[in-house]
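Survey of secondary and tertiary structure
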Amino acid sequence: MAKLRHVALIVEDPEASARFFEQAFDMKRAGKARRGIYMSDGIVNVALLKKEGDKEKVGIYHFGMWVDDLDASEKKVVKAGGEYLAGRPTSPNSFYEAKYRDPNGIVFDLTHSGWAGAVKDVVAK
């Protein structure tokens, strides 16, 4: 089963948004993105990405699913009516995301290696 482990939000000010996530939800900073900050609750990563240009709107940008096998997952996505957009690994061990669009036009990522601050499987203590 694919695991929902990443949500990307477009925000005006990633630093101010990060402080809000820290204060309101006790989330921790997990790293820096090219244009923002990764926050985490220890399982799911939230990317707070700075709005770029007039075409982007503040709000949910995309979500990400962590899968075991990208090729098998892509076949399932396409069979279910989804569409491949972009992204492929540059080496067997590279971090990457492959982007897709669902039948409603919503963009999402598939990855086999995850995101900073996210964990694939939750193990009971």
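The following refers to the structure shown. (Residues numbered from 1 in each chain as written. Predicted model: local features only at pLDDT ≥ 70, side-chain atom pairs only at ≥ 80, totals over all residues. Heavy atoms only, no water.)

Here we look at the environment of Gly82
Counting through the fold element by element, Gly82 comes out in the loop between helix H2 (70-79) and strand E6 (83-86). Gly82 gets classed as buried once you look at its relative accessible area, which sits at 14%. Separated by 29 residues in sequence, Gly82 and Thr111 have C-alpha atoms that sit 16 Å apart. Each residue touching Gly82, except ones within four places of it in the same chain, is listed here: Val77, Arg101, Asp102 and Pro103. (Helix = DSSP H or I, 4+ residues; strand = E, 2+ residues; numbered from the N terminus. Buried < 20%, exposed > 50% of the residue type's maximum accessible area, 1.4 Å probe, protein only. Contact = heavy atoms within 4.5 Å.)

So, the packing of aromatic side chains
Applying the stated criterion to the full structure yields 6 aromatic pairs. Relative to Phe25, the ring of Phe21 lies with its centre 5.3 Å away and its plane at 70°, an arrangement referred to as edge-to-face. Here Phe25 and Phe21 lie together in helix H1 (residues 14-25), a separation of 4 residues that amounts to about one turn. On the basis of an interplanar angle of 20° and a centroid distance of 5.7 Å, the ring pair of Tyr100 and Phe108 is categorised as stacked. Note on accessibility: Tyr100 and Phe108 belong to one class, buried. Feature note: the residues Phe63, Tyr84, Tyr100 and Phe108 constitute an aromatic cluster, connected by ring pairs. (Phe/Tyr/Trp six-rings, centres within 6.5 Å; stacked < 30°, edge-to-face > 60°.)

Digging into the pattern of salt bridges
Inspection of the entire model under this criterion finds 11 salt bridges. As a salt-bridge pair, Lys99 and Asp109 come within 2.5 Å of each other at their nearest N and O atoms. With Lys99 in strand E7 (residues 98-101) and Asp109 in strand E8 (residues 107-111), this residue pair connects regions lying 10 residues apart in the sequence. Accessibility expressed as a relative area gives 25% for Lys99, which makes it partly exposed. Residue class for Asp109 comes out buried when judged on its relative accessible area of 0%. (Salt bridge = Lys/Arg side-chain N within 4 Å of Asp/Glu carboxyl O.)

A look at the nonpolar core
Counting residues in each nonpolar core, the largest one holds 9 residues, listed as Leu9, Val11, Ala18, Phe21, Met27, Ile37, Met39, Val46 and Leu48. If sequence neighbours within four positions are ignored, Ala18 has contacts with Arg29, Ile37, Met39 and Leu48. Among the nonpolar cores identified, the runner-up in size contains 8 residues, and Met65, Ala98, Tyr100 and Phe108 belong to it. (Core = buried A, V, L, I, M, F, W, Y, C linked by side-chain atoms within 4.5 Å.)

Details of the environment of Asp41
With respect to the helices and strands, Asp41 occurs in the loop between strand E3 (36-40) and strand E4 (45-50). Engagement of the side chain of Asp41 in a polar contact is seen with the backbone nitrogen of Ile43, the distance being 2.7 Å. Within the local environment of Asp41, its side chain forms a polar contact with the backbone nitrogen of Val44, the two atoms lying 2.7 Å apart. (Polar contact = N/O pair within 3.5 Å; in protein donor to acceptor, adjacent residues only side chain to side chain.)

Considerations on H1
Along its 12 residues, H1 runs 16 Å from first to last C-alpha, staying within 8% of the 16 Å computed at 1.5 Å per residue. Close packing links the buried residues of H1 with strand E1 (3-11), strand E2 (28-33), E3 and E4. The backbone nitrogen of Glu15 has a side-chain oxygen 3.1 Å away, supplied by the residue at the start of H1, namely Asp13. Backbone geometry just after H1 places Asp26 at a positive phi near 60°. (Expected span 1.5 Å × (residues − 1).)

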